[in-house]
Amino acid sequence: MPKVIDNMQIGPMVWKMRVEVPHLVEKAKAGQFVILRVNEEGERVPMSIAGLDRENGLLTIIYQVVGKTSGLMTTIEDGGEIADCVGPLGVASHVEKWGTTVVVGGGIGIAPVFPIAQAYKEAGNKVISIIGARNEELLFYRDEHKSVADEFYPCTDDGSFGHHGFVSDVLKKLMDDGVKIGMVMAIGPVPMMRVVANLTKEYNVSTWVSLNPLMIDGTGMCGGCRVTIGGETKFACVDGPDFDGHQVDFDLLSARLSAYREQEQAAMKKMLDDPNCRLHESVQNFKYPEPRKA
Amino acid sequence: MAEKLPAKERMKITRQEMSNQDPDERKNNFDEVPFGFTEETALIEAQRCLECPKAPCIKGCPVEVDIPGFIRLVLEKDFAGAARKIKETNALPAVCGRVCPQEEQCEMVCVLSKKFKPVAVGHLERFVADYERENNLTELPEIAPPTGRKVAVVGSGPAGLTVAGDLVKLGHKVTIFEALHKPGGVLVYGIPEFRLPKKIVQAECDFLAQMGVEFKNSTVVGKLDTIDELLEMGYDSVFIGTGAGLPNFMGLEGENLIGIYSANEYLTRSNLMRAFDGDSYDTPIIHGKNVAVLGGGNTAMDAVRTAIRLGAENAYIVYRRSEFEMPARKEEIHHAMEEGVQFHLLTNPIKFIGDENSKVKQMECIKMELGEPDDSGRRRPVPIADSNFILDIDLVVVAIGNSSNPLIPATTPGLECNRWGNIIADEKTMLTSRKGVFAGGDIVTGGATVILAAGAGKVAARAMHAYMMGKSVEETATT
Ligand SMILES: Cc1cc2nc3c(=O)[nH]c(=O)nc-3n(C[C@H](O)[C@H](O)[C@H](O)COP(=O)(O)OP(=O)(O)OC[C@H]3O[C@@H](n4cnc5c(N)ncnc54)[C@H](O)[C@@H]3O)c2cc1C
Ligand SMILES: Cc1cc2nc3c(=O)[nH]c(=O)nc-3n(C[C@H](O)[C@H](O)[C@H](O)COP(=O)(O)OP(=O)(O)OC[C@H]3O[C@@H](n4cnc5c(N)ncnc54)[C@H](O)[C@@H]3O)c2cc1C
Ligand code: SF4
Ligand code: SF4
Ligand code: FES
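Undergrad: Provide a residue-level description of the overall build of chain A, including the pertinent values.
TA: Helices and strands together make up the secondary structure of chain A, namely ten helices and 16 strands. Computed over its C-alpha atoms, the radius of gyration of chain A comes to 18 Å, within 12% of the 19 Å expected for a compact globule of 294 residues. In terms of overall dimensions, chain A has a C-alpha envelope of 60 × 45 × 40 Å along the principal axes. Looking at the 294 residues of chain A, the share that counts as buried comes to 54%. Sequence-distant contacts, at least 24 apart, represent 64% of the contacts inside chain A between residues at least 6 apart. Accessible surface, chain A: about 12700 Å² in total, of which carbon and sulfur atoms supply 48%. Distance from the positive charge centre (30 side chains) to the negative charge centre (39 side chains) of chain A: 3 Å.

What follows is the structure in structure tokens.
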């Protein structure tokens, strides 16, 4: 069973876990993901690769508590174990020398877009990093992004840090100012990826997005992760997770993500109502956010 | 030993059947449907076998189980010995006794079937295998001294399990690489609990582990290590038994709406991820009230009967040909009917209609009639003009077959495949176009049966052994 080196809270509802999986780490590339199970009865949860420490064989994942399994993950102690961790899955992000590239990370997407920024940089690109969150507390991984980006634009919805507003505002300004962008890579909540893709389409700038539909096996066996790309059905776990943002049917993606909302909420409630609930105190007050209208 | 009755007397005995859980009861649980033979019924049934000198039944079985031989041991009440006899050629009798299409194989050619009903070979096979396992009479076979050779088996379905068992006995070091977190392939993720209890598959895997087979679960070959990397890491030979695990869809309008599953997804959620046991397991699944399952094979029957058990009020099979052409086993169709499944035969879906939340709510269908025979010899269904109708449904399961997963071919240069993406392997040795790399089961044949996959594993194991011991692979070819 893979060992959890450490598991710490880095923001409200956001945690960072490092898992010792040397062989996986040796093979993994930016843009890929893993699927882990916390315990025997648990779900298989996909998590993007947020960092690879090849020297020590450590995989970093950054996760947000959104329900039962991610809640349960917070209970794993440093030095503990998880049932399993399979990967690397999916196709690695496509990397070329384009000249100037922009990585856009929104919310939890700030984490997985960081290794891609590193890969872009290594390939000789200029990297502009735009990251955004609701407020300063949620804007993690700032130092990491700063360390690779040639230009760094943090944003918050409430203006508590950096630019007051959305990541797409900053991107639009760059394009209006005539910055010639070879490639945009956007990872974040579906509404954010949709806005970014619509914007870059107007400016005719190529854009990758990383899609996160519900998954089970992650090997192309179930078809549960299907997404519509340019009118064609693709399996995100094997054909993606990265796709041409201008071709994605975002409406369908967000609809399919909500397929089990009632069952998920019931599972979370049952766990929170259990008097033996071992969840971290900051998670015990967990409430489902009102579904955001796009 | 039980006295054998004279042949004339024996022919008067009627075929014994297993008793089944009552349909009204079993609709509400996932427990196995048939209860299996008792010692008593097994002995009566064993009397029926005429021990024909030519024993056509043996040729009817793809792996040539010595059927009169094991039935004789049943008569002698040496049930565990009977199980061992079967295992000489079939490593998975508890599984095959349950899921083999006996009516088209061993039992179809039984001499008795001309005038009477055939000997219940499958039921007897199941009985002796269960007897051996339940009474802890399974004996570890003798393991040959270590050969120093290492084998990688990719995929843990019936093909991979068979290869592993045969090669470990011959003294090789065997490692199975399995993508999922549990071994067994379709036997664990596809075929439901009520037809094949998972503890049986687990027992088979535990047995292999006891013999020294190493299981590496949650390991996707082609993603973590490629076949070439396995060879570089020191595996002397590789077997690819990755199955036909890529679900087909029909490409119809609305096919990606919420509430439309592939059979693989629906069955995986329920079986492997145990969604049917919602009290203990977290996996969500849609509990449809009006469920349409598209297709007419075993997979479709498994899906529709799962839907019934998960609370469907109306569960439909929608199949474009007639009952006669349905590829599912007769027994399963019969069980489905008993459980209240409704059949829309000669009917084809043409589009799916969703509600404002992108959930499927209706399916438009068209009636079909049978026209001229097609390539497969079956009469081709053709749509009847203006026969469209709407079916109200809240869950659809697409069970129209699987293709082969391209992951391994795509990451293994020089591995030849046919135009459907199946790996090409020599029938007599299961050798592929790559030196030291063998393949068998559904990845070679396309979706077939458990016993054919296991049989391919047997053939491959023999050839792999020869290859690793420096003999010519062809020499060992079975004829
Ligand atoms: C390729 C990929 C990479 C991902 N990377 C990350 C990551 O780096 N960090 C992170 O916090 N989350 C990531 N996710 C999402 C993460 O898998 C889900 O948040 C998690 O499975 C939720 O489980 P839960 O039981 O806590 O919540 P649940 O109560 O099950 O679900 C709450 C919500 O989370 C989403 N969700 C649930 N199950 C899945 C699933 N299997 N796949 C995707 N979304 C799901 C749904 O929108 C759902 O409504 C990724 C998903 C995919 C597909
Ligand atoms: C629902 C259903 C019902 C069926 N009912 C019957 C029946 O009643 N009777 C009958 O005889 N047959 C039945 N079949 C068919 C039968 O199950 C198959 O023919 C048989 O399982 C094929 O065996 P296999 O070993 O080739 O592959 P599988 O059983 O498909 O196993 C392949 C294994 O390989 C693993 N794998 C795939 N890719 C990789 C990779 N890259 N790395 C590592 N592991 C990998 C998969 O996860 C899987 O576990 C049914 C099939 C289905 C789907
Ligand atoms: S393995 Fe299958 S076909 Fe062969 S004897 Fe047993 S039940 Fe019959
Ligand atoms: S053909 Fe039938 S009766 Fe004859 S040996 Fe085989 S099972 Fe027995
Ligand atoms: S998660 Fe099953 S096919 Fe992608």
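Undergrad: Before we move on, could you go through the sheet that holds strand β8 (residues 100-106) of chain A and cite the residues and values that matter?
TA: Residues and elements named next belong to chain A. Strand order in the open sheet formed by seven strands is β11-β10-β9-β8-β12-β13-β16, and the pairing between neighbours is mixed. Both edges of this open sheet fall to β11 (163-164) and β16 (242-244), since each of them pairs with a single strand only. Pairing geometry for β8 and strand β12 (residues 183-187), over five bridges, is parallel. Considered in β12, the bridge of V102 is made with V184. Strands β8, β9 (126-133), β12 and β13 (207-210) of the sheet are contacted by helix α3 (residues 110-122), whose axis makes an angle of about 170° with β8.

Undergrad: Describe the domain arrangement of chain A, with residues and values.
TA: Residue and element names in this part refer to chain A. Here chain A is partitioned into domain 1 (3-91 + 261-279) and domain 2 (93-208). A straight line from the C-alpha centre of domain 1 to that of domain 2 covers 25 Å. The interface of domain 1 with domain 2 comprises 15 residues on the first partner and twelve residues on the second. Around 1100 Å² of area is buried between domain 1 and domain 2 when both sides are counted, 68% of it from carbon and sulfur atoms. Connecting domain 1 to domain 2 are zero salt bridges. Between domain 1 and domain 2 we count two residue pairs in polar contact (both at pLDDT 80 or more) in total.

Undergrad: Would you mind going over the nonpolar core in detail, with residue names and values included?
TA: Grouped together as the largest cluster of nonpolar side chains are 95 residues, with contacts concentrated most on F70(B), V74(B), V128(B), I240(B) and M464(B). The greatest single-element share of this core, amounting to ten residues, is contributed by helix α18 (residues 450-468) of chain B. When residues of this core are assigned to domains, at least three map to each of domain 1 (7-134) and domain 2 (150-245 + 403-478) of chain B. Those residues within four positions of I240(B) in sequence are excluded, and the remaining contacts are V154(B), I227(B), I408(B), L415(B), I423(B), V437(B), F438(B), A439(B), G440(B) and I443(B). The next biggest cluster of nonpolar side chains, apart from the first, holds 54 residues, and it includes L89(A), L253(A), L294(B) and V360(B).

Undergrad: So what's going on with the site of ligand 4? Which residues, and what values?
TA: Around ligand 4, a shell composed of C49(B), L50(B), E51(B), C52(B), P56(B), C57(B), P68(B), C110(B), V111(B) and V119(B) is seen. Partitioning the shell around ligand 4 into residue classes produces nine nonpolar, no polar and one charged.

Undergrad: Any chance you could break down the interface of chain B and chain A for me, citing the residues and the numbers?
TA: Counting from both sides, the interface comprises 40 residues of chain B and, opposite them, 40 residues of chain A. Roughly 3400 Å² is buried in total at the junction of chain B and chain A, and carbon and sulfur atoms are behind 55% of that figure. Summed over the shared surface of chain B and chain A, the number is three salt bridges. K27(A) is paired through a salt bridge with E229(B); the nearest N and O atoms lie 2.9 Å apart. At the level of elements, β5 (246-247), β6 (260-262) and α13 (263-270) of chain B are the ones that each hand at least two residues to the side of chain B that touches chain A. Residue contributions to the side of chain B that touches chain A peak at four residues, all from α13(B). The residue makeup of the side of chain B that touches chain A, split by class, is 17 nonpolar, 14 polar and nine charged.

Undergrad: Lay out the pairing of strand β4 (residues 45-48) of chain A in plain terms, naming residues and giving numbers.
TA: Residue and element names in this part refer to chain A. Burial along β4 is one-sided: V45 and M47 are buried, and none of P46 and S48, which face the opposite way, are. The sheet contact formed by strand β3 (residues 33-37) and β4 spans four bridges and is antiparallel. From the neighbouring strand, F33 faces β4, where its bridge partner is S48.

Undergrad: Mind laying out the sheet that holds strand β7 (residues 84-89) of chain A, listing which residues take part and the relevant values?
TA: All names here are of chain A. Spatially, three strands are ordered β4-β3-β7 in an open sheet, and the strand pairing comes out antiparallel. Of all strands in the sheet, those bounded by a partner on one side alone are β4 and β7. Geometrically, the sheet is characterised by an average inter-axis angle of 25° between neighbouring strands, direction not taken into account.

Undergrad: Please set out the pattern of salt bridges residue by residue, giving values where relevant.
TA: Two side chains bearing opposite charge may form a pair once their charged atoms approach each other closely. All names here are of chain B. Applying the stated criterion to the full structure yields 48 salt bridges over all chains. Across the pair E32 and R98 runs a salt bridge, and its minimum N-O distance is 2.7 Å. Taken together, the residues E32 in the loop between α2 (23-26) and α3 (39-48) and R98 in helix α7 (residues 93-99) connect sequence positions 66 residues apart. Each member of the pair E32 and R98 is classed as buried.

Undergrad: Tell me about the pairing of strand β14 (residues 226-229) of chain A, and name the residues and values.
TA: Residues and elements named next belong to chain A. Because side chains alternate across β14, one face comprises the buried residues R226 and T228, and the other comprises V227 and I229, equally buried. For β14 and strand β15 (residues 232-235), the ladder comprises four bridges, and the chain directions are antiparallel. What sits directly across from I229, in β15, is E232. Where β14 folds back on β15, the antiparallel hairpin that results is connected by two residues, among which G230 adopts a positive phi of roughly 55°.

Undergrad: For the packing of aromatic side chains, give the residues involved together with the corresponding values.
TA: Here the structure, examined in full by the defined rule, presents eleven aromatic pairs over all chains. For the pair F140(A) and Y141(A), a centre-to-centre distance of 5.8 Å together with 70° between the ring planes defines the contact as edge-to-face. Each member of the pair, F140(A) together with Y141(A), is buried. With 5.9 Å between their ring centres and 80° between their planes, F177(B) and Y235(B) make a pair best called edge-to-face. Placement of F177(B) in strand β2 (residues 173-177) and of Y235(B) in the loop between α12 (227-232) and β4 (237-240) is noted, with a sequence separation of 58 residues between them. There is no split in this pair, since F177(B) and Y235(B) are both buried.

Quick notes on the rules
- Residues numbered from 1 in each chain as written.
- Chains lettered and ligands numbered in written order.
- Predicted model: local features only at pLDDT ≥ 70, side-chain atom pairs only at ≥ 80, totals over all residues.
- Heavy atoms only, no water.
- Helix = DSSP H or I, 4+ residues; strand = E, 2+ residues; numbered from the N terminus.
- Rg over C-alpha atoms; globule rule 2.2 N^0.38 Å.
- Buried < 20%, exposed > 50% of the residue type's maximum accessible area, 1.4 Å probe, protein only.
- Contact = heavy atoms within 4.5 Å.
- Areas by Shrake-Rupley, 256 points an atom, 1.4 Å probe, with all protein chains shown as cover.
- Lys, Arg positive; Asp, Glu negative; His and termini not counted.
- Charge placed at Lys NZ, Arg CZ, Asp CG, Glu CD.
- Pairing = 2+ DSSP bridges.
- Axes fitted to C-alpha atoms, helices over the stretch in contact; angles between N-to-C directions.
- Domains from an automatic or database assignment.
- Buried area = accessible area lost by both parts, 1.4 Å probe.
- Salt bridge = Lys/Arg side-chain N within 4 Å of Asp/Glu carboxyl O.
- Polar contact = N/O pair within 3.5 Å; in protein donor to acceptor, adjacent residues only side chain to side chain.
- Core = buried A, V, L, I, M, F, W, Y, C linked by side-chain atoms within 4.5 Å.
- Near = heavy atom within 4 Å.
- Nonpolar A, V, L, I, M, F, W, Y, C, P; charged D, E, K, R; others polar.
- Phe/Tyr/Trp six-rings, centres within 6.5 Å; stacked < 30°, edge-to-face > 60°.

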